[in-house]
Amino acid sequence: MASIGKRWFGDIAGKLEGKKPLKFFRRDPLAAIAVLIILAVFIGAIFAPMIAPYPDQGAGIPVIANKFKPPSREFLMGTDYLGRDIFSRILYGARISLAMGVSIVALGLIIGLPLGAIAGYFGGWTDEFIMRLTDVFLAFPPLLLAIAVSLSLGRSFTSNLIAISVTWWPWYTRMARPLALSIRERQYIDAAKSMGINDWVIIIRHVIPNIAGPVLVEATTEIGLAILTAAGLSFIGLGMPPPAADWGEMVASGRLYIFQQWWFATFPGLAILLTALAFNLLGDSVHEHTNPYTSGKRE
Amino acid sequence: MDKPLIRIKNLTVDYASGGFLKGVTRNVRALNNVSLDIAPGITFGVVGESGCGKTTLGRALLRLVEPTEGEIVFDGQDWLSMNQKTLRGKRRDMQIIFQNPTSSLDPRMKTFGLIAEPLRAQTDLRGEPLKARVAELLIMVDLQEDQMDRRPRELSGGQAQRVAIARSLALSPKFLVLDEPTSSLDVSVQAQIINLLIRLQKEKGLTYLFISHDLPVVQYISQWLAVMYLGEIVELSPSDFIFRNALHPYTQALLSATPQPVPGSKRKRIVLEGNVPSPANPPSGCTFHTRCPLVFERCPKEKPKLVQVSEEHWAACHLVGEGQFPSS
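All of these numbers come straight from a predicted model, not from anything done at the bench. Numbers given to residues run from 1 along each chain, matching the order in which its sequence is written. For naming, the first written chain is A and the first written ligand is 1, with later ones following in the order written. Under the rules for a predicted model, residues below a pLDDT of 70 receive no local features and side-chain atom pairs below 80 are neither given nor counted, while totals for whole chains, interfaces and linings still include all residues.

For chain B, the helix and strand inventory stands at 12 helices and 12 strands. Radius of gyration: over C-alpha atoms. The globule rule applied is 2.2 Å multiplied by the number of residues raised to the 0.38 power. The C-alpha radius of gyration of chain B comes to 21 Å, within 12% of the 20 Å expected for a compact globule of 328 residues. Structurally, chain B occupies a C-alpha span of about 70 × 55 × 40 Å along its principal axes. Within chain B, the fraction of its 328 residues that count as buried is 41%. A pair of residues counts as a contact when their C-beta atoms, built from backbone coordinates, are separated by no more than 7 Å. Counting only contacts in chain B whose residues sit at least 6 apart along the sequence, the fraction spanning at least 24 positions is 64%. Runs of E in the DSSP output that reach at least two residues are strands. Runs of H or I that reach at least four are helices, and both are numbered from the N terminus. Here the C-beta atoms are placed from the backbone, and a residue counts as buried if at least 20 other C-beta atoms lie within 10 Å of its own, exposed if 12 or fewer do, and partly exposed otherwise.

Dropping the structure here:
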């Protein structure tokens with residue numbers, strides 16, 4: 001794992017590693033808080049059945065007698081209109097949100113990165129074709145296209161993943177292409193060509209590993225945005241089918257009771273907000289630390 | 001000369017400059033009508049200032065750029081008409097070593113992977129035999145086997161260049177293009193690399209095209225020499241002839257600029273005025289006339305041909321053509 005990290009993140013990992021965690025906290029407290037929030041969300045998601053006070057309610061079993069209980073020691077964040085513990089539901093919802101965010105970005109990378117590498121490496125008509133294709137996908141308003149795709153595929157994790165990924169991958173293609181353009185001019189590419197190595201092998205073995213680092217970092221920081229988009233889709237009723245806990249859906253059903261049972265919509269909303277914000281803050285910090293113009297010191 | 005291993009005839013390479021948005025596309029002629037034969041087993045030196053097309057010549061030979069015109073016959077085969085697939089298989093006979101090993105070696109690969117790469121692509125060697133072959137190649141270039149796990153940035157410049165040499169020898173080529181293989185290295189390491197290259201040439205019967213701007217090194221290693229200026233060959237002969245009796249004023253100026261090992265030796269320094277003109281807009285007539293100390297009326301008007309002066313000596317200068325040898 002460590003070696004994969006080094007291979008793909010390369011210099012960026014080199015720049016970040018070796019900095020003491022405490023020093024990092026003091027120098028960039030916002031990023032440190034972001035890291036803590038992200039860690040907390042991940043732990044919550046992974047260990048939801050163990051952490052959640054009411055795992056069965058988190059999974060969706062209603063307890064009508066407990067309907068609309070305000071936050072208390074018994075129900076940390078209150079209960080919803082079916083009497084389910086909201087804290088447990090949020091932990092279970094974290095699983096869906098994170099899985100969705102990570103899958104969208106991963107799928108976007110799997111499609112977008114190689115296409116960008118191919119466009120940049122070959123240039124000419126191939127480049128033109130791929131980039132115009134990205135233009136076509138970018139021309140649609142992302143949420144509108146996602147709604148259309150999601151409606152036609154039906155409500156499920158996979159259909160939402162596809163719906164959002166359709167508008168997600170072109171960004172990675174656009175990011176990868178200029179990097180591939182510059183790698184193409186490196187002498188080790190000429191060296192590989194002169195050894196008689198096929199262009200596709202050159203792309204897989206030399207181009208993609210050498211452009212993956214920056215794109216991967218950028219992509220990681222966009223998980224927050226992906227979570228937000230997925231939550232938006234489920235807010236308008238295209239999320240996971242009930243009884244699954246889905247942050248966007250929880251906000252949507254809670255908003256009817258916002259003035260009477262404020263906790264119902266507020267806590268899932270905060271979960272979305274904090275998670276997306278944490279990824280964004282982390283992204284900003286990574287940009288700052290890896291940008292030679294703002295990071296100040298270089299070795 | 002024996003039957004040449006490589007015969008280059010009227011090789012011309014144009015680079016397109018400007019784009020369709022910038023209006024007219026203008027071609028930069030990086031290599032203009034270059035012809036030369038390289039006999040097997042020799043080192044053929046190519047010298048000239050930066051931008052004179054010597055690197056383009058090497059790249060065109062490897063078909064890393066496609067020539068606009070001309071002919072290359074390599075090892076009895078028409079090299080330029082081969083399709084990519086046939087060419088990929090034949091590439092094992094012609095390899096290149098670049099100037100800077102830190103950029104010609106993929107920074108993410110280890111020594112083993114770097115040297116094994118051509119073997120994996122072109123041979124069936126895998127597993128233990130592959131490892132043995134890589135080890136053998138490492139020893140051939142005076143590196144230790146334990147350097148297999150290093151990445152290029154963990155190697156010194158000289159070691160990295162040795163890895164590049166081992167990689168280019170992996171497929172047992174017949175012909176090697178050496179594109180300034182020592183100019184990015186420390187002086188002390190340069191000599192080691194040059195001697196290694198000479199030793200390998202003797203052991204393997206290799207033929208080299210040695211591209212350089214370092215005249216003493218070229219004199220040391222090469223048997224034949226072509227002097228290039230703005231994409232053209234201005235003088236061509238066995239290197240002894242040129243170092244003893246350079247005919248072209250440009251060659252004379254180049255020679256006079258090299259430091260003399262004997263203090264107080266009386267060679268007059270010819271200082272060339274101005275810069276190399278842009279190849280995008282070359283001067284009329286003889287391209288060297290803007291800087292030539294011996295320029296006369298005919299030079300800007302008419303382009304001198306590469307004329308045969310003696311059996312193995314060609315030069316492109318009106319003075320030579322008229323039989324008035326410029327004195328050095």
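Read on for the rest.
Now for the pairing of strand β9 (residues 224–229) of chain B. All names here are of chain B. Taking burial as the measure, the 6 residues of β9 include 6 buried ones, the bulk of the element. Neither face of β9 is exposed, since W224, A226 and M228 on one face and L225, V227 and Y229 on the opposite face are all buried. Here a strand pair is declared whenever DSSP counts at least two bridges between the two strands. Of the strand pairs in this sheet, strand β3 (residues 43–47) and β9 are connected by 4 bridges, and their pairing is parallel. By the bridge assignment, F44 is partnered in β9 with W224. Between β9 and the antiparallel strand that follows it, strand β10 (residues 232–238), lie 2 residues; L230 among them carries a positive phi value of about 45°.

Quick look at unusual backbone geometry now. All names here are of chain B. Even without a glycine there, the phi angle at N10 is positive, about 45°. Take N10: it is sitting in strand β1 (residues 6–17). Judged by the 12 C-beta atoms lying within 10 Å of it, N10 falls in the exposed class. You will see that N33, though not glycine, has its phi angle at about 55°, which is positive. Here N33 shows up in strand β2 (residues 26–38).

The subject of this paragraph is the interface of chain B and chain A. A common way to state how big an interface is: give the accessible area lost once the parts meet. Each side of the interface is counted separately: chain B has 18 residues, and chain A has 15 residues. The element contributing the most residues to the side of chain B that touches chain A is helix α4 (residues 111–122) of chain B, with 4 residues. Amino acid classes used here: Ala, Val, Leu, Ile, Met, Phe, Trp, Tyr, Cys and Pro are nonpolar; Asp, Glu, Lys and Arg are charged; the rest, including Gly, are polar. A per-class count over the side of chain B that touches chain A returns 7 nonpolar, 5 polar and 6 charged.

Our focus in this paragraph is the environment of A316(B). Residue and element names in this part refer to chain B. Its place among the elements puts A316 in the loop between β12 (313–315) and α12 (318–321). According to the C-beta neighbour criterion, A316 is buried, with 24 such atoms within 10 Å. Each C-alpha atom, one on A316 and one on L209, is 21 Å from the other, the two residues being 107 residues apart in sequence. When residues no more than four places from it in sequence are discounted, the contact partners of A316 are E232, V234, H248, P304, K305 and L306.

We now examine helix α5 (residues 127–140) of chain B. Residues and elements named next belong to chain B. Taking 1.5 Å as the rise per residue, α5 with 14 residues should run 20 Å; its terminal C-alpha atoms sit 20 Å apart, in good agreement. When we look at burial in α5, the residues that qualify are V134, L137 and L138. Down the axis of α5, the sector holding all buried residues measures 100°, keeping them to one side. Those residues of α5 that are exposed and angled more than 90 degrees off the buried face are E128, P129, A132, E136 and I139. Residues of α5 that are buried make contact with α4 and α6 (157–169). Phi turns positive, to about 65°, at D142, one or two residues after α5. Multiplying 1.5 Å by the helix residue count minus one yields the expected span of that helix. This arc is built from the directions going out from the helix axis to the C-beta atoms.

Any functional reading would require information that these geometric values do not contain.
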